[in-house]
Amino acid sequence: MVVPLPTSVSPAVAVGHVFSVEGHDQLQLSPEDRQRITERTKWVLDSPDPPGFRQEILGSIRNTVFSRKNKNSNSAQPPLACVMAFLRSVFPILNWAREYKASMFKNDLLSGLTLASLCIPQSIGYAALAQLKPQYGLYTSVVPPLIYSTMGTSRELAIGPVAVVSLLISAMCSKVVNPMADLVSYNKLVFTVTFITGAFQALFGLFRLGFLIDFLSQAAIVGFMAGAAIVIGLQQLKGLLGISHFTTKTDVVSVLIAVVKSFQDTWYPQNFILGCSFLIFILITRFIGKRNRRLFWLPAIAPLVSVILSTLIVYLTKGDEHGIKIIKHFKGGLNPSSINQLQFNSPHLRESVKIGLVCAIIALTEAVAVGRSFATIKGYNMDGNKEMIAMGVMNIAGSMSSCYVATGSFSRTAVNFSAGCQTAVSNIVMAITVLVSLQLLTGLLYYTPVAILASIILSALPGLINYTEAYNIWKVDKLDFLACAGAFFGVLFASVEMGLMVAVAVSFAKIILNALRPRVEELGRLPGTDIFCEVDQYPVAQAVPGILIIRLNSGLLCFTNANPLRDRILKWVTEEKEATKRPISGIILDMSSVTNIDYAGILALEETNKKLLSGAIKLAIASPRWQVIHKLKVAKFVDKVGRDCIFLTVSEAVDSFVGSKFKGPGNC
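Just so we're clear, the structure is a prediction, and the values are computed from it rather than from any experiment.

### Details of the side chain of Glu606
And step 1. Examined against the element boundaries, Glu606 turns out to sit in helix H25 (residues 599-614).
And step 2. Glu606 has contacts with Ala635, Phe637 and Lys640, leaving out every residue within four places of it along the chain.

Okay, here's the thing in structure tokens:
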């Protein structure tokens, strides 16, 4: 049990490096206990120096390129084995291809063909959404999936163009170059943006900068996706209504005004009737597929069936002569080279870098989230950094082969998973099927109605709006919901860029607010144990008389929060004295939550120590982390406060102050 200190106790003084209370020598530690604490203090103070910045960067690259197992055994391997280990790390296909069986190929073949049936119409529609010719969407479904299948770590992720990235390309690139006025320059800009997007993604993975994606929180992503889905849906009114002249703006007000104005001109309701009919057909097949999982293939082939049937209807009825807008001829064949179209000396390079960064973050966020969700279902781990490198390389290669930004598609990945895919071979089958279609079938799509492409895109949008998650965000964290709502309304009523800016701004504001005002909690001992926990969370925790134990609940003690924390601690000491009417002999700072500290944080600790010493109060540091104790030693703070005031645990610090001995499971 805790030995209570009498109310008449005077301030503690240091005796032989162990704190005692005047008039209470029975609280002194035994020589064995004193030796044990001194030895553990040496563990803290004599720990090796942590790796420097240069070592961390080089280490991150090594950890990304080599697996931990290969890294540990490279030194004992011959050069050829090291090269093979490197290749297996960069190209995961070399690992699982050795165990690939014919029975697995049967499932992958079925999945790939099912995937292609959905991918072909969607790719054409997404290319139109990005204001590109239809063939560019199909090109993007050939080269990137082939490269990803050799470098990616996800077995189910289906690669190709997606709606949100297509919207980003259209909304941001069209502000730099108008595709209606100069389509050639617009294409060059898109290819340059794709290259820059891939370069950013590869760098994120190589230097382990995936945390940058986390600045766009899950709440912001939910709001952004929902807003983008509505914007994409409104954009499809152009094709669904057969409107010739439409606004290039993406906000709701501008789109609705453009729709109203279009009714003043001649328009043909046949487009709307045809598009809505097949939209209903696709949604019905999706409903049936959800009710009966054996019919998973039905909603997958519904878009392709819609394209075939609508094309036949237009061809047989000569609907193009009666106002139905059709795709007409588009170029097929192999992906042509676009290396000479990359423009790094363009006056629009700055805009290209900005658009590329935004596309890189959004594309990675969607792909990694989708890949990890299905990897969890299958029970394997997906390497996020290798995924970023794979995405980057495939987009860099894609930019040189007439592709625009590709990433993982949620809808197609779900189809791939339902079809029973075993490995990334399904992506290879899909890419080969699309390539054959480019070679042989592009002429057959001449009479395909534009309204059908609009209906296919519209059918994919409900999956982007997650009402349940938005409601859960509201219940859990109102500030998170503010980021969600900001992204949603920003995309809806301003622009895609504004929605992203609002979401990132709110997320940063939340981070800054938490950094400026971190929680500082008083700790107490749980009865009968050596565990010290927050007294507000555990009312049974008992404060140690004469000692104030404080935990800094902040990952970083830095210039943004050092002075407020110093003032809070000193104010707390004053309040504690006035509330208990007892003198405080020492302050113990539990720094187990503080992972790093800067110079301003060290200065704040020094000032706190000086003011406490002036009031005959001793300061002790407990559980300092590696970087923290290293910097405290370098700054000579340990010498100023005393080596005997650094402790491995809060329990040992308390023992040194009051001399009491407890046996328990350890410090929390």
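Once you've had a look at it, read on.
### Here's the deal with a nonpolar patch on the surface
And step 1. Taken together, Leu146, Ile432, Val436, Leu440, Leu441 and Leu444 make up a surface patch of nonpolar side chains, about 560 Å² in accessible area.
And step 2. The element that contributes the greatest number of residues to the nonpolar patch is helix H19 (residues 425-440), accounting for three residues.
And step 3. You can see Leu444 is positioned in the loop between H19 and helix H20 (450-460).
And step 4. Given the relative accessible area of 60%, Leu444 is considered exposed.

### Notes on the nonpolar core
And step 1. The biggest cluster of nonpolar side chains holds 110 residues, and the ones touching the most others in it are Leu168, Ile169, Cys173, Leu216, Phe224, Ile362 and Met391.
And step 2. The element contributing the most residues to this core is helix H16 (residues 349-378), with eleven residues.
And step 3. By size, the runner-up hydrophobic cluster in this structure holds 34 residues, among which are Leu548, Val628, Ile629 and Val638.

### Some thoughts on H25
And step 1. For H25, built from 16 residues, the straight-helix expectation of 22 Å at 1.5 Å per residue is met to within 8% by its first-to-last C-alpha distance of 23 Å.
And step 2. Along H25, the positions that sit buried rather than exposed are Gly601, Ile602, Ala604, Leu605, Glu606, Thr608, Asn609 and Leu612.
And step 3. Measuring from the side-chain oxygen of the N-cap residue of H25 to the backbone nitrogen of Ala600 gives 3.3 Å; that N-cap residue is Asp598.
And step 4. Looking at the residues trailing H25, positive phi occurs at Ala616, about 60°.

### A look at the environment of Leu440
And step 1. Assignment of secondary structure puts Leu440 in helix H19.
And step 2. Between the alpha carbons of Leu440 and Gly333 there is a distance of 8.0 Å; along the sequence they are 107 residues apart.

### Re the layout of surface pockets
And step 1. Reported here for the largest pocket is a volume of approximately 1,200 Å³.
And step 2. Taken together, 34 residues form the lining of the largest pocket, with Ala128, Gln131, Leu132, Lys238 and Val450 sitting closest to its centre.
And step 3. Broken down by class, the residue content of the lining of the largest pocket amounts to 17 nonpolar, twelve polar and five charged.
And step 4. For the second largest pocket, the calculated volume is near 1,000 Å³.
And step 5. Lining the second largest pocket are 33 residues; nearest its centre among them are Arg286, Lys290, Phe410, Ser411 and Ala414.
And step 6. Of all the secondary-structure elements, those providing two or more residues to the lining of the second largest pocket are helix H6 (102-129), helix H9 (163-176), helix H14 (269-291), helix H15 (297-317), H16, helix H18 (410-418) and H20.
And step 7. Residue composition of the lining of the second largest pocket, grouped by class: 21 nonpolar, seven polar and five charged.

What counts and what doesn't
Residues numbered from 1 in each chain as written. Predicted model: local features only at pLDDT ≥ 70, side-chain atom pairs only at ≥ 80, totals over all residues. Heavy atoms only, no water. Helix = DSSP H or I, 4+ residues; strand = E, 2+ residues; numbered from the N terminus. Contact = heavy atoms within 4.5 Å. Patch = residues over 30% accessible without salt bridge, like charges linked within 9 Å, V, L, I, M, F, W, Y side chains within 5 Å. Areas by Shrake-Rupley, 256 points an atom, 1.4 Å probe, with all protein chains shown as cover. Salt bridge = Lys/Arg side-chain N within 4 Å of Asp/Glu carboxyl O. Buried < 20%, exposed > 50% of the residue type's maximum accessible area, 1.4 Å probe, protein only. Core = buried A, V, L, I, M, F, W, Y, C linked by side-chain atoms within 4.5 Å. Expected span 1.5 Å × (residues − 1). Polar contact = N/O pair within 3.5 Å; in protein donor to acceptor, adjacent residues only side chain to side chain. 1 Å grid on protein atoms, 1.4 Å probe; cavity = no way out; pocket = protein on both sides within 12 Å on 5 of 7 lines; lining within 4 Å. Points joined across faces, edges and corners; volume = space filled by probe spheres on them. Nonpolar A, V, L, I, M, F, W, Y, C, P; charged D, E, K, R; others polar.

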